[in-house]
Amino acid sequence: MTRVLVSGATGTIGRPLVSQLQDAGADVRPVTRELTDPAALAAALDGVDAVFLLWPFASAEGAREVLELVGDRRVVYLSSAAARPYEVEIERLVAGTAREWTVLRPHAFAANTLRWAEQVRAGVVRQPYGEARFAPLHERDIAAVAVRALLGDGHDGAIYTLTGPRSLTQREQALAIGAAIGRPVRWAEEPPAEARERMLGLGWPAPAVDGMLRALAAPGPAPTRTVEEVTGVPASTFEAWASEHAADFIATMRAARIHEYGDASVISLEEVPVPRPGPGEVLVEVAATSFNPSEVGLRMGLLGDTLGITLPHTLGWDVAGTVITGAGGLSPGDRVIGLIDGAAAEYAVARADMLVKAPERIPLADAAAVPVAGLTAWQAVFEHARVGPGSRVLINGAGGGVGLFAVQLAKYAGAYVVATASPRSAAAVLALGADEVVDYTAAPLPSGNDVLINLVAELPASVTRLAKRFVSVTRPIEHPRAVHFVARNDPGQLAELVALIDGGVVDVEVDARPLAALADLHRAAERGNIRGKVTVNVDAVERARSQ
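Residues numbered from 1 in each chain as written. Predicted model: local features only at pLDDT ≥ 70, side-chain atom pairs only at ≥ 80, totals over all residues. Heavy atoms only, no water.

A.B. asks: Hey, could you go over the pairing of strand 19 (residues 392-396) for me, with residue numbers and the actual values?
C.D. replies: Burial of strand 19 is extensive: 4 of the 5 residues sit out of reach of the surface. In the sheet, strand 19 pairs with strand 20 (residues 416-421) via 5 bridges, with the strands oriented parallel. When the bridges of strand 20 are listed, Val393 appears paired with Val417. At this point the chain moves from strand 19, through helix 16 (residues 401-412), to the parallel strand 20, and the crossover so formed is right-handed. (Buried < 20%, exposed > 50% of the residue type's maximum accessible area, 1.4 Å probe, protein only. Helix = DSSP H or I, 4+ residues; strand = E, 2+ residues; numbered from the N terminus. Pairing = 2+ DSSP bridges. Right-handed = clockwise from strand over helix to strand, strands pointing away.)

The structure is reproduced here in structure tokens:
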């Protein structure tokens, strides 16, 4: 196993480099301050085969002593395309001391645009030289080239000039960032003299400011194919980089959270950091979540142990939104739905394999009604009740969010559907296909059914005489042929539901409320004043425009 010492291991290049080296099976020894401590550096070099050198100083002073300690090892030095005098000197020292050496000369890092983050959040990037063209380079591609040079053969003596695959003006880069985060961003040209004064006021040294402005004014380099030639994989586009780093530009979001259990007053709308997706996860800009009655129990602390809740907790299980950063077959711009944690926020992170493409026939925000209620109804009708053609099904509580799906799915399965509903829900239940509607407030529940699907908490004492089999999603029914279940997350079933919605078999009807009204929605539910399925709309774009 090759042991590699990586200087600057926690920096922009160091982080992806360490990860890629470990993925390649190398033993990585990260260092940070050891470069300035000869004893510590000598200890860190023990047993090391190769060194990635990122020199953190703007002069070559001390580099000779460090490279003498590195000695007869393979060295990959991260220089720059600017080839400043001190960088040229370090390149010369590396070539004179290392057993094998490679120099990387990257052009403009895509990560340099992170300096615009505050302006991007305000919707206007004001910088000089908007038409200056560069081929922004993804830090992951620099790391990928470094891995080949550190671990592979055929790179000794090579000086690699690295760029991204395509030149973009700075103005185009700002627009690409706006597209990645789903918010309008425009360019405002700043006179170079004003930019110079601004940067000097921020404490930048005058030589650095003047050098940067000269570089912006000069014609940008033509893109190279070096990344692809060395790694066998095309260099990443700036658009891909912007999508992956969307959270860095958005920074904060609104989220409905609880810090303690209690009544609806514990729900607060807070400004919190945008979550960052991990491996296999995507960042979703949330269009809507939905309200589920069980969230009242969660808020009161009745489900904390069952669900493994830790406080503070962001509410919301259903999500409908647009992918911002892709993974696992999902790409930026994909409209998705799913059952996740923390959807009552402007942005949410979810495993890509837990999401499915959203229905196209209904508005994206309305699709937030589908995951929890739809999966519960699907599993009740098809898995547990095993409804088929000719079945007589009594759906108790058909006017609720789950019931409206259950009625349609039972009809799709070929059943004769008897539904209980209040007078205010009866018309909606009939419109969705129920053959009979019983007003449970005025009439007893009918008997003679093959199966009862129960969706309400209160049951009559005679419930076991109503059907041959029983399925309940609320409280258990004491009977040998009764099933009580909690719905599970099943993206395959969710995708089948989406197909039925797009095929016109299942309709989705919602009552939409704003995120700011979530606490009031909880109070209304406790008073019994909720009918059907209620979605909770979230509009980050509109909020950004108003700021």
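A.B. asks: Summarise the confidence of the model for the chain; cite the residues concerned and give the values.
C.D. replies: Scored by pLDDT, the chain comes out at a mean of 92, with 98% of its residues at no less than 70. Here helix 20 (residues 540-546) is the element of the chain with the lowest mean pLDDT, 47, and helix 6 (residues 139-151) is the one with the highest, 98. Of the regions scoring below 50 in pLDDT, residues 541-547 engages in 9 contacts with residues more than four places distant in sequence or in other chains. (pLDDT = per-residue confidence, 0-100. Contact = heavy atoms within 4.5 Å.)

A.B. asks: Before we move on, can you summarise the nonpolar core with the specific residues and values?
C.D. replies: Within the largest apolar cluster, 49 residues are counted, with the highest numbers of intra-cluster contacts made by Ile337 and Ile395. The set of elements that each furnish at least two residues to this core consists of helix 15 (371-384), strand 19, helix 16, strand 20, strand 22 (449-454) and helix 18 (491-502). Excluding anything up to four places from it in sequence, Ile395 contacts Ala406, Val407, Ala410, Val417, Val418, Ala419, Thr420, Ile453 and Leu455. Within the second largest apolar cluster, 33 residues are counted, among which are Val266, Val284, Leu298 and Val372. (Core = buried A, V, L, I, M, F, W, Y, C linked by side-chain atoms within 4.5 Å.)

A.B. asks: I'd like to hear about the packing of helix 8 (residues 192-201) against helix 9 (residues 206-217), residue by residue, with values.
C.D. replies: Interhelical geometry of helix 8 versus helix 9 gives an angle of 150 degrees and a closest axis separation of 10 Å. Between helix 8 and helix 9 the crossing geometry is right-handed. On the side of helix 8, the interface is formed by Pro192, Arg196, Met199 and Leu200, while helix 9 contributes Ala206, Val209, Asp210, Met212 and Leu213. (Axes fitted to C-alpha atoms, helices over the stretch in contact; angles between N-to-C directions. Left-handed = near helix turned anticlockwise from the far one by under 90°.)

A.B. asks: I'd like a description of the sheet that holds strand 19, backed by residues and values.
C.D. replies: Each strand in a sheet pairs with another by means of backbone hydrogen bonds, the pair being arranged parallel or else antiparallel. The sheet built from 6 strands is open, its strands ordered 21-20-19-22-23-24 with parallel pairing. The sheet terminates laterally at strand 21 (436-439) and strand 24 (482-484), the two strands that pair on one side only. The sheet shows a mean angle of 20 degrees between the axes of neighbouring strands, taken without regard to direction. As defined by bridge partners, strand 19 adjoins strand 22 across 4 bridges and the pair is classed as parallel. Bridge pairing in strand 22 places Asn396 opposite Asn454. Where helix 15 meets the sheet, it contacts strand 22, strand 23 (467-472) and strand 24, and its direction lies at approximately 145 degrees from that of strand 23. Along the sheet, helix 17 (residues 423-431) contacts strand 20 and strand 21; its crossing angle with strand 20, the most-contacted strand, is approximately 155 degrees.

A.B. asks: Before we move on, can you summarise the packing of helix 15 against helix 18 with the specific residues and values?
C.D. replies: When two helices pack together, their arrangement is given by the angle between their axes and by how far apart the axes lie. One way to put it is that helix 15 packs onto helix 18 with a least axis distance of 10 Å and a crossing angle of 100 degrees. Considering their axes alone, helix 15 and helix 18 lie roughly perpendicular with respect to each other. Facing helix 15, whose interface residues are Pro371, Gly374, Leu375, Trp378, Gln379 and Glu383, helix 18 presents Gln493, Leu494, Glu496, Leu497 and Leu500. Residue composition of the contact of helix 15 with helix 18, by class: 6 nonpolar, 3 polar and 2 charged. (Parallel < 35°, antiparallel > 145°, perpendicular 65-115°, else oblique. Nonpolar A, V, L, I, M, F, W, Y, C, P; charged D, E, K, R; others polar.)

A.B. asks: An account of the packing of aromatic side chains is needed here, citing residue identities and associated values.
C.D. replies: Under the criterion given, the structure shown has 5 aromatic pairs. Residues Phe238 and Trp241 carry aromatic rings whose centres are separated by 5.6 Å and whose planes lie at 20 degrees to one another, so their mutual orientation is stacked. Of this pair, Phe238 and Trp241 are both found in helix 11 (residues 238-244), 3 residues apart, which corresponds to roughly one turn of the helix. Like Phe238, the residue Trp241 is buried in the burial classification. (Phe/Tyr/Trp six-rings, centres within 6.5 Å; stacked < 30°, edge-to-face > 60°.)

A.B. asks: If you had to explain helix 18 to someone new, which residues and values would you point to?
C.D. replies: Between its first and last C-alpha atoms helix 18 spans 16 Å; for 12 residues at 1.5 Å apiece the expected length is 16 Å, and the two agree. If you check which residues of helix 18 are buried, you get Pro491, Gln493, Leu494, Leu497, Val498, Leu500 and Ile501. All buried residues of helix 18 project into a common sector of 165 degrees when viewed along the axis, lining one side. A side-chain oxygen of the first residue of helix 18 lies 3.0 Å from the backbone nitrogen of Gly492; this N-cap is Asp490. Looking at the residues trailing helix 18, positive phi occurs at Gly504, about 80 degrees. (Expected span 1.5 Å × (residues − 1). Arc of directions from axis to C-beta. Polar contact = N/O pair within 3.5 Å; in protein donor to acceptor, adjacent residues only side chain to side chain.)

A.B. asks: Report on the sheet that holds strand 2 (residues 27-31), specifying residues and quantitative values.
C.D. replies: Strand order in the open sheet formed by 6 strands is 2-1-3-4-5-8, and the pairing between neighbours is parallel. Edge positions in the sheet fall to strand 2 and strand 8 (158-162), since each has one partner strand and no second. For this sheet, the mean angle separating the axes of adjacent strands, direction not counted, is 15 degrees. One ladder, built from 5 bridges, connects strand 1 (residues 3-7) with strand 2; its direction is parallel.

A.B. asks: So, the environment of Ala158: which residues are in play, and what are the values?
C.D. replies: Locating Ala158 in the fold gives a position in strand 8. Distance from Ala158 to Glu100, taken between C-alpha atoms, is 9.7 Å for residues 58 residues apart in sequence. Setting aside its immediate chain neighbours within four residues, Ala158 contacts Trp101, Thr102 and Val103.

A.B. asks: Requested: an account of the pattern of salt bridges, with residues and values cited.
C.D. replies: Oppositely charged side chains are able to pair whenever their charged atoms sit close together. The final tally for this structure, using the stated rule, is 30 salt bridges. For Asp27, the salt bridge identified is with Arg3, shortest N-O distance 2.8 Å. With Asp27 in strand 2 and Arg3 in strand 1, this residue pair connects regions lying 24 residues apart in the sequence. Across the salt bridge formed by Glu383 and Arg488, the nearest N and O atoms sit 2.7 Å from each other. Residue Glu383 is found in helix 15, and its partner Arg488 is found in the loop between strand 24 and helix 18; the two are separated by 105 residues along the sequence. Residue Glu383 is classed as partly exposed on the basis of its relative accessible area of 28%. Look at the salt bridges and you will find they share partners, linking Arg74, Arg99, Glu100 and Asp153 into a network. (Salt bridge = Lys/Arg side-chain N within 4 Å of Asp/Glu carboxyl O.)

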